[in-house]
Amino acid sequence: MKAVLISGDETAVPPEYLRQIRDAGIELACRKCEGEAAVAEFAKDAELVWMFGPNRGLTGAVLRQLPKCRAIFRSGSGLDALPCAEARELGIAVLNTPESIAECVAEHAVSLLFALIRQIPQYDARVRRGFHWGDTPGLNWHISGRTLGLVGYGRIARHVEEMVSGFRMRVIHFDPADPNSLPLDEVLSRADYVSLHCPLTPETTHLINAEKLKLMKPNALLVNTSRGAVVDEDALAAALRNGTIGGAALDVMSEEPPPLDHPLFRCENVIVTPHIAAFSADFARNFWSCSARKIIDFFTA
């Protein structure tokens, strides 16, 4: 039973989790591989290839050079960095640990939504510029009783639904894998607020484009904690400038970090955070414990 970690050497993983994996009888080798050739050489006799963060060389072409490989594993949620189609073709399992970050990402999505509704960053900035405390705030949104549309209905979205239930929000959702799902266009047109939780695939790239934005209510708010490319950012910037929708909050963008002259940065009704939704005080424990358990279960279940 051999696994290789291609994202870092042994110092990248806390010792207790290395020990858990090896105590289960699994041989684990660790090296930070840069490029396809390095991965192909290092993983040539591995049954499981493990990575986290950016993919520096695990491609479909490399998979074809790994005759013993039975699984590829990315710690975390998104699978868009992995050669999933080639893995399926070769009968190689594709693993991840969405359970390790689902609750935290949901918390961040809800926090972004509420910050948008209450315009917290905008009013903080105004106070620091000398906002007159007697002026009537221009708050155009409310939380209780409003409709939240979820695009994607996996673990994270279900956590979001549970979290906002205490605020008496109505929740509707679109997910092609769910037979009880509403059509996307209906979700977009009915929702006061829309939160994106779908994976990045060829089908979801620019899923939210100019045409879809026009379906949303004029004062609607959009939150994205999924992947940046799910949204056509140029279309979103135009929609925000011309009042097609009321605001947006993004933790992810198509290019990270985005250029400082990005058109969305010229929109006052936008909140941007630097892809931090998965992180919290509990991140490391959840991330590594779920990763170790996933590897052990693969070899021993």
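Heads up: these notes are all about the structure in this document. What you are looking at is a predicted structure, and each value in this text was computed from that prediction instead of being measured.

Turning our attention to the packing of aromatic side chains. If you walk through the whole model with that rule in mind, you get ten aromatic pairs. Seen in terms of ring centroids, Phe52 and Phe287 are 6.1 Å apart; in terms of plane orientation they differ by 85 degrees. Their pairing is edge-to-face. Linking Phe52 in the loop between β3 (48-51) and α3 (60-63) with Phe287 in helix α11 (residues 283-300), this pair joins segments that are 235 residues apart in sequence. With respect to burial, Phe52 and Phe287 carry one shared label: buried. Arranged with centres 4.8 Å apart and planes meeting at 90 degrees, the rings of Phe287 and Trp288 form a pair that is edge-to-face. Residue Phe287 shares its accessibility class with Trp288, and that shared class is buried. Feature note: the residues Trp50, Phe52, Phe73, Phe279, Phe283, Phe287 and Trp288 constitute an aromatic cluster, connected by ring pairs. The ring of Tyr123 has Arg126 sitting right over it, with the charged end atom 4.6 Å from the ring centre.

In a regular helix each residue adds 1.5 Å, so 18 residues correspond to 26 Å; α11 covers 26 Å between its end C-alpha atoms and thus fits that length. When we look at burial in α11, the residues that qualify are Phe283, Phe287, Trp288, Cys290, Ser291, Ala292, Ile295, Ile296 and Phe299. Buried positions along α11 lie against β1 (2-5), α1 (15-23), β3 and β4 (71-74).

Okay, the packing of helix α5 (residues 102-118) against helix α7 (residues 155-164) next. Contact geometry for α5 and α7: axes closest at 8 Å, N-to-C directions at 55 degrees. Relative to α7, the element α5 lies oblique. Remark: the crossing between α5 and α7 carries right-handed chirality. Contacts between α5 and α7 pair Ala102, Glu103, Val105, Ala106, Glu107, Ala109 and Val110 from the former with Arg155, Ile156, His159, Val160, Met163 and Val164 from the latter. For the contact of α5 with α7, the residue count by class is nine nonpolar, one polar and three charged.

Attention now goes to the pattern of salt bridges. Counted by the stated rule, this structure contains 14 salt bridges. Where Glu34 meets Arg56, a salt bridge forms, and the shortest distance between an N and an O atom there is 3.6 Å. One end of the pair, Glu34, is in the loop between β2 (27-30) and α2 (36-42); the other, Arg56, is in the loop between β3 and α3, with 22 residues separating them in the sequence. Judged by relative accessible area, Arg56 falls into the partly exposed class, the value being 32%.

Across the sheet, which stays open at both edges, the five strands sit in the order β2-β1-β3-β4-β5 with parallel pairing between neighbours. Lying at the two open borders of the sheet, with one neighbouring strand each, are β2 and β5 (93-96). Taken pair by pair, the neighbouring strands of this sheet meet at an average axis angle of 20 degrees, ignoring direction. Lying on the sheet, α1 is in contact with β2 and β3; it crosses β2 at an angle near 140 degrees. With respect to the sheet, α11 is in contact with β1, β3, β4 and β5, its orientation differing from that of β3 by roughly 175 degrees.

When its volume is computed, the second largest pocket comes out at roughly 170 Å³. Lining the second largest pocket we find 14 residues, and of these Ser100, Glu103, Cys104, Asp282 and Asn286 sit closest to its centre. A per-element tally of the lining of the second largest pocket places α5 first, with four residues. Split into classes, the residues belonging to the lining of the second largest pocket amount to five nonpolar, four polar and five charged.

With that settled, the discussion passes to the environment of Leu48. Note on placement: Leu48 falls in strand β3. Overall, Leu48 belongs to the buried group, its relative accessible area being 0%. Sequence-distant contacts of Leu48, defined by excluding residues within four places in its chain, comprise Lys2, Ala3, Val4, Ala71, Phe73, Leu95, Ile295, Phe298 and Phe299.

Looking now at the nonpolar core. It is characteristic of soluble globular proteins that their nonpolar side chains tend to be buried jointly. Ranked by internal contacts, the top residues of the largest apolar core, which has 51 residues, are Leu48 and Trp50. Core analysis: the second largest hydrophobic core is formed by 30 residues, Leu184, Leu196, Val230 and Leu264 among them.

With that settled, the discussion passes to the side chain of Glu47. Summarising the element assignment, Glu47 is placed in the loop between α2 and β3. Taking relative accessible area as the criterion, Glu47 reaches 19% and is therefore assigned buried. Ignoring anything within four residues of it in the chain, the contact list for Glu47 reads Met1, Lys2, Lys68, Cys69, Arg70, Ala71, Phe298 and Phe299.

This part takes up α5. With 17 residues, α5 extends 24 Å from end C-alpha to end C-alpha; this agrees with the ideal 24 Å at 1.5 Å per step. Here α5 lies mainly inside the structure; 13 of its 17 residues are buried. Within two residues after α5, Gln119 carries a phi angle of roughly 55 degrees, on the positive side.

About the cut-offs
- Note that residues are indexed from 1 along each chain, following the sequence as it is written.
- Where totals are concerned, whole chains, interfaces and linings use all residues; where local detail is concerned, this predicted model gives features only for residues with pLDDT of at least 70, and gives and counts side-chain atom pairs only at 80 or more.
- Think of the side-chain values as coming from all heavy atoms in the structure, minus any hydrogens and water.
- A pair of Phe, Tyr and Trp rings is counted when the ring centres sit within 6.5 Å of each other, with Trp represented by its six-membered ring. The angle between the planes then sorts it: under 30 degrees is stacked, over 60 is edge-to-face, the rest tilted.
- Note on conventions: DSSP H or I runs of at least 4 residues are helices, E runs of at least 2 residues are strands, and numbering of each starts at the N terminus.
- Accessibility here uses a 1.4 Å probe with only protein chains present; expressed as a share of the type maximum, an area under 20% marks a residue as buried, one over 50% as exposed, and anything in between as partly exposed.
- Placement of a positive charge over a ring is assigned whenever Lys NZ or Arg CZ falls within 6 Å of the ring centre and within 35 degrees of the normal to the ring plane.
- Given a helix with a known number of residues, its expected span is that number minus one, times 1.5 Å.
- Two residues qualify as a contact provided that any one of their heavy atoms is within 4.5 Å of a heavy atom in the partner residue.
- To get an axis, fit a line to the C-alpha atoms, keeping to the stretch in contact for a helix; angles then go from 0 to 180 degrees between the N-to-C directions.
- By the definition adopted for this analysis, an angle is roughly parallel if under 35 degrees, roughly antiparallel if over 145, roughly perpendicular if from 65 to 115, and oblique otherwise.
- Definitions for this section: a left-handed crossing has its near helix turned counterclockwise from the far helix by less than a right angle. A right-handed crossing has that turn clockwise.
- Each residue gets one of three labels, nonpolar for Ala, Val, Leu, Ile, Met, Phe, Trp, Tyr, Cys and Pro, charged for Asp, Glu, Lys and Arg, and polar for the others, Gly among them.
- A pairing counts as a salt bridge when a side-chain nitrogen of Lys or Arg comes within 4 Å of a carboxyl oxygen of Asp or Glu.
- When DSSP finds at least two bridges between two strands, those strands are taken to pair.
- The distinction between a cavity and a pocket rests on a 1 Å grid over the protein atoms alone: a 1.4 Å probe fits inside a cavity but cannot get out, while a pocket stays open yet meets protein on both sides within 12 Å along at least five of seven lines, and a residue with an atom within 4 Å of a point counts as lining.
- Grid points are joined across faces, edges and corners, and a volume is the space filled by probe spheres set on the points.
- Think of a nonpolar core as a cluster: buried Ala, Val, Leu, Ile, Met, Phe, Trp, Tyr and Cys residues, connected wherever their side-chain atoms sit within 4.5 Å.

Nothing here speaks to function; it is all geometry.
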